[in-house]
Amino acid sequence: MPTPPHARETDAVLDELGSSSDGLTPEEAASRLETHGRNEVTDGAQRSAFDIFLTQFDSVLIWVLLAAAALSLWAGHAVDAVLIAIIVVANGVFGFVQDYRAEQSLESLRELTAPTATVRRDGTTAEVDAATLVPGDVIELAGGDVVPADCRLLETTSLEVDEAALTGESVPVSKSPAPVPEDTPLAEQTSMIYKGTNATRGRGVAVVTATGMETEVGAIARELAGTEETETPLQGELDRLGRLLGLGVLGLTALVIPVLLVQDTPVIQAGLTAISLAVAAVPEGLPAVVTLTLALGVRRMADENALVRRLPAVEALGGVDVICTDKTGTLTEGEMVVSRAWLNDTVVDLSGEEVPTATADQQMPTATADEGTPVAASDDDRLDRLFRAAVLCNDATAEEGDPTEQALVTAAADYGLDVGTVREESPRTDEVPFSSERKWMGTIHGDVGYVKGAPEVVVSMCSEVSTSDGPAALTDETATRIRERVDAFADDALRVLALAARSDVTDQADIETGLTFLGLVGMIDPARAEVADAVAATDQAGIDLKMVTGDNVRTAAAIADSLGIGGAVMEGREIESMTDETLRERVESVDVFARTSPQHKVRILRALKDNGHVVAMTGDGVNDAPALKNADIGVAMGVRGTDVAKQASDIVLLDDNYTTIVAAVRRGRAIFDNVWKFVAYLLSANVAEVALVFIASLAGYLVLPAVQLLWINLLTDGLPAVALGTDPESGAVMDRSPRDPDRGIVGRGMLGLMAGTGTVSTVVMLGLMTYTLDGAPSITPYAMTMVFTGFVLIEFVKLFAIRWLRETPTFSNPWLTLAVAASLTLQLAVLYTPLNRYFGTVPLGAADWAVLAVVLAVTGPAYLAVATAVRRLAPNL
């Protein structure tokens, strides 16, 4: 395998590419463009809008519903057939809109490229369309430019590149032409620059090594294109339910028709009975109610700053038991902050909300001596000088520039310095720019010079050190103390800079020696203040949190420790050496993954999913997109997130706040509770309908014709079922463990509930039919009306028993009370208005209602008894 460009000398890379420092000739560039193609990210075979629309109807339950519509139309119930068809089409349109938007992730990747590039062709510099770049082209880059392709650096001058969107690195990376070891992780390949990243400062010359789909961004595009859409537990459950219902309808039809014909039942009567059984078996409103309930949840989550892009994700989020989260901008603020300073014998904590001002008589409450003794107010003078040096030896403002230098300016302003005034009073007269080779920057202001840079380098340039008693000689002992303090800051994941000054400067050479060491500043991308509580809340809910970041091990471990996230740490290079089986074993015990590439993140997710976990992945960069799309739930950051990450995700956090994930999990669990309730409600009703019609038909009675069954389904599947979607959450929703995705929504508890309540309903309704028939040889309109109305009433009683089973207070949902009242009003309308002739019903008298009251008095306690038994049978519904 050839040595990669980042590990080779520049001359060797140029030779291999057939290029030189003067670049390619225009003719050679044109020839290579024909061979390599345009420098664009493509998606291969992309689904058309029509294909996306058709896939919305690729569901067994949808086909069962269409079959029910056809049967209803054949039976002469055109209105019911039209209503079912409308429900199916509405669901298809809504799903199409969601899926079509999700397909735009690859389109966003195409836009992640520089429109133009500065290229050398035959020694002449020109601006060209970045899409025409080819391997071997030599480009020039300056601060503010977007990197147009993957390139090997040839020359650099203080070049720094922000690679956060690709690698997750929280600060810009200093670049150098010097080769790095072959096994160096992507985030540490300082000799390379990558397509779609941003140069923040300095200049560079580089040779293009890869374009288009061969770049790192192109590899991400291929990963996205090859990723199949993850099916949520609810989607899988509804598909399985649809298949079972379809088989059940066919089985019932195949069974009942021969039995009825053997009993000399007329063919038409047998056919009508079969149609009634089919209609009874199909919960026509189930997809619509699921969609509406999830849509209600989406609205509530949007109010809580979580934007849902795919409806099933709402339910799936409630079942998540592992969250893989990026660090930068997700657990942290996403910007560098000066949190600590060291004045040679004094540590100043600058992380608090109130930072001391530079007044002579104010003691600094956040400053302590190394030995723990109080700090004298005179040390304000040294801190003041330190910050003045940080402001003057600095090219940034608080609003723009290198993030590290921005942090210094912001800290100085928070301390109390007027940055503009300081710079006006001490104008810059000369400078030595920062370079990755030099590792320091110097500025001269009249006869005063300041230096800022790597501590080990700056210390070597100093002969004195600033103390509370004035300048003192920089001894070996002092230098050792400085190194110890640098190590201590680094152990706390701080990026450390040293500052020094000299007051008798005449030229640039004077600031390279004889400096006075002023102190150290430590910077960090701090953890969000509220995240620690959110981490504790997810732990309380039985959710395992894993940090997966491109940042270095020390920084990742320190942030994780401050937030209470586990302790075991693994680097990306370790993942590369592991088999999938070994990773599956190790992934359970590791809490922090550092220096990870996009491929590492996907392998981690697959290992967790192979272990049976439901995984949510949070992220904001381009590098997160494959993992976001592979995860059961992809959660992108809305403020700092790239378009690629957002389009690949299921949920977007509008405030980039980790606490919003906790709120979303709570909402997802509550929504699943509501979905469970109305699925149990609808299916238990259908079981009772099927059992009643089937048993009665064997005795020669068509107790409930298709029109009445459809009406019952309309009343139960309609307003009351929809109102269940607004049920408030149980107070203990975040105290239980995540549900087992293998258990499914129709688990042991629901099956027990369906069997128990179905038996109660069937026995009671058969008893009511027998009582009202009073020995009649065939069903009478009166008996049919009593059973019809009685069935509607007991279903509403069952509804409240099911809610009790999920720990929902009886009268906590006024919308449900109104829905039940409205449905009862509709039932009365088909009894006491001219509508009764379309339903084959007759008006009921007071005595009949008394009989129905007895029926309710029997079924209510029986349903509660069944619910109690189910809770004992399956305590973790």
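Residues numbered from 1 in each chain as written. Predicted model: local features only at pLDDT ≥ 70, side-chain atom pairs only at ≥ 80, totals over all residues. Heavy atoms only, no water.

1. Digging into the overall build of the protein chain
Looking only at helices and strands, one finds 32 helices and 25 strands in the protein chain. Looking at the protein chain as a whole, 56% of its 877 residues qualify as buried. At a minimum sequence separation of 6, the contacts of the protein chain that also span at least 24 residues come to 73%. (Helix = DSSP H or I, 4+ residues; strand = E, 2+ residues; numbered from the N terminus. Buried < 20%, exposed > 50% of the residue type's maximum accessible area, 1.4 Å probe, protein only. Contact = heavy atoms within 4.5 Å.)

2. So, the pattern of salt bridges
All chains considered together, the criterion is met by 25 salt bridges. With its nearest N and O atoms 3.7 Å apart, the salt bridge here joins arginine 201 to glutamate 405. Within this pair, whereas arginine 201 is found in strand E7 (residues 198-210), its partner glutamate 405 is found in helix H14 (residues 403-415), the two being separated by 204 residues in sequence. With a relative accessible area of 14%, arginine 201 lands in the buried category. Judged by its relative accessible area of 3%, glutamate 405 falls in the buried class. (Salt bridge = Lys/Arg side-chain N within 4 Å of Asp/Glu carboxyl O.)

3. Structural notes on the pairing of strand E23 (residues 615-619)
Of all five residues in E23, five are buried, a share of seventy percent or more. Of the two faces of E23, the one holding Val615, Met617 and Gly619 and the one holding Ala616 and Thr618 are both buried throughout. Sheet topology places strand E9 (residues 322-325) next to E23; four bridges connect them, and they run parallel. Residue pairing for E23: threonine 325 is matched across the bridge by threonine 618. In this sheet, strand E24 (residues 633-637) lies alongside E23 in parallel orientation, the contact comprising four bridges. Of the residues in E24, the one forming a bridge with methionine 617 is glycine 634. (Pairing = 2+ DSSP bridges.)

4. Overview of the packing of aromatic side chains
Each aromatic ring pair is characterised by the separation of its centres together with the angle its planes make. As enumerated under the stated definition, the model contains two aromatic pairs in all. Taking the centre distance of 5.0 Å and the plane angle of 35 degrees together, the rings of phenylalanine 387 and tyrosine 415 count as tilted. One end of the pair, phenylalanine 387, is in helix H13 (residues 379-392); the other, tyrosine 415, is in helix H14, and 28 residues separate them in sequence. Among the residues examined, tyrosine 415 registers a relative accessible area of 0% and is labelled buried. Positioned above the aromatic ring of phenylalanine 489, the side-chain terminus of arginine 340 is 5.4 Å from the ring centre. (Phe/Tyr/Trp six-rings, centres within 6.5 Å; stacked < 30°, edge-to-face > 60°. Lys NZ or Arg CZ within 6 Å of the ring centre and 35° of its normal.)

5. As for helix H32 (residues 846-873)
Count 3.6 residues to each turn of an α-helix, and residues three or four apart come out pointing the same way. Compared with an ideal rise of 1.5 Å per residue, which puts 28 residues at 40 Å, H32 spans 41 Å between its outermost C-alpha atoms and is within 8% of the ideal. Among all positions in H32, only Asp848, Leu852, Val855, Thr859, Gly860, Tyr863, Val866, Ala867 and Val870 are buried. Buried residues along H32 sit in contact with helix H28 (748-773) and helix H29 (781-805). (Expected span 1.5 Å × (residues − 1).)

6. Considerations on unusual backbone geometry
We note that aspartate 122 has phi near 60 degrees; this positive angle belongs to a residue other than glycine. Among the secondary structure elements, aspartate 122 is positioned in the loop between strand E1 (116-121) and strand E2 (124-129). A positive phi is found at lysine 439, a non-glycine position, where the angle reads about 70 degrees. Mapped onto the secondary structure, lysine 439 falls in the loop between strand E13 (430-432) and strand E14 (440-445).

7. Description of the nonpolar core
If you look at the biggest cluster of nonpolar residues, it comprises 136 residues, and the most contacted ones within it are Phe517, Ile651 and Leu704. If one sorts the elements of this core by residue count, helix H25 (residues 658-698) sits on top with 19 residues. Those residues in contact with isoleucine 651 that lie beyond four places of it in its chain are Met301, Ala306, Leu307, Val308, Ala313, Leu317, Ile633, Gly634, Val635 and Ala636. In this structure, Leu350, Val391, Ala412 and Ala501 belong to the second largest nonpolar core, which totals 33 residues. (Core = buried A, V, L, I, M, F, W, Y, C linked by side-chain atoms within 4.5 Å.)

8. Topic: the packing of H28 against H32
At a minimum axis separation of 9 Å, H28 and H32 run at an interaxial angle of 160 degrees. With respect to H32, the element H28 is oriented roughly antiparallel. Both H28 and H32 take part in a crossing whose hand is right-handed. In this structure, H28 uses Arg748, Gly749, Gly752, Leu753, Gly756, Thr757, Val760, Ser761, Val764, Met765, Leu768 and Tyr771 to contact H32, whose residues at the interface are Val851, Leu852, Val855, Val858, Thr859, Ala862, Tyr863, Val866, Val870 and Leu873. Broken down by class, the residue content of the contact of H28 with H32 amounts to 15 nonpolar, six polar and one charged. (Axes fitted to C-alpha atoms, helices over the stretch in contact; angles between N-to-C directions. Parallel < 35°, antiparallel > 145°, perpendicular 65-115°, else oblique. Left-handed = near helix turned anticlockwise from the far one by under 90°. Nonpolar A, V, L, I, M, F, W, Y, C, P; charged D, E, K, R; others polar.)

9. Description of H29
With 25 residues, H29 ought to run about 36 Å at 1.5 Å a step, and its terminal C-alpha atoms sit 36 Å apart, in line with that. In the stretch just after H29, glutamate 807 is the one whose phi turns positive, near 60 degrees.

10. Let's talk about the sheet that holds strand E22 (residues 592-594)
Read from one edge of the open sheet, eight strands run E8-E25-E24-E23-E9-E20-E22-E21, paired in mixed fashion. Edge strands, defined here as strands with exactly one partner in the open sheet, are strand E8 (306-308) and strand E21 (569-571). Across the sheet, the axes of successive neighbouring strands diverge by a mean angle of 20 degrees, strand direction being ignored. Across the face of the sheet, H25 comes into contact with E8, E9, strand E20 (544-548), E23, E24 and strand E25 (651-653) while running at roughly 155 degrees to E9.

11. Some points on the packing of H25 against H28
Put simply, H25 and H28 touch, their axes get as near as 8 Å, and they point 40 degrees apart. With respect to each other, H25 and H28 are oriented oblique. In the packing of H25 onto H28, the handedness of the crossing is right-handed. Taken together, the residues of H28 that come into contact with H25 (itself represented by Trp676, Val679, Ala680, Leu683, Ser684, Val687, Ala688, Ala691, Leu692, Ile695 and Ala696) are Gly749, Met750, Leu753, Met754, Thr757, Gly758, Ser761, Thr762, Met765, Leu766 and Met769. Looking at side-chain class alone, the contact of H25 with H28 contains 16 nonpolar, six polar and no charged residues.

12. Side note on the environment of glutamate 216
Tracing the chain through its elements places glutamate 216 in helix H8 (residues 216-225). Placed 21 residues apart in sequence, glutamate 216 and lysine 195 show a C-alpha to C-alpha distance of 7.2 Å. Apart from residues no more than four positions distant in its own chain, glutamate 216 is found in contact with Asp150, Leu166, Leu186 and Tyr194.

13. Structural notes on the environment of proline 4
For proline 4, the location among the structural elements is in the segment before helix H1 (10-17). Classification of proline 4 by relative accessible area gives partly exposed; the value is 21%. Taking C-alpha positions, proline 4 is 9.6 Å from proline 181, a pair spaced 177 residues apart along the chain.

14. Looking at the confidence of the model for the protein chain
Low pLDDT means the predicted atomic positions in that stretch should not be read closely. For the protein chain, the average pLDDT comes to 82, and 84% of its residues sit at 70 or higher. Across residues 104-114 the pLDDT falls below 50, and counting only partners more than four positions away or on other chains, this stretch makes 33 contacts in the model. When the criterion is pLDDT under 50, residues 352-377 qualifies, and its contacts beyond four places in sequence or with other chains add up to 47 contacts. (pLDDT = per-residue confidence, 0-100.)

15. Here's the deal with the pairing of E24
The buried fraction of E24 amounts to five of the five residues, a majority that puts the element mostly inside the structure. A two-sided burial pattern is seen for E24, the buried positions comprising Ile633, Val635 and Met637 on one face and Gly634 and Ala636 on the other. Pairing between E24 and E25: three bridges, direction parallel. Note that in E25 the partner of valine 635 across the bridge is isoleucine 651.

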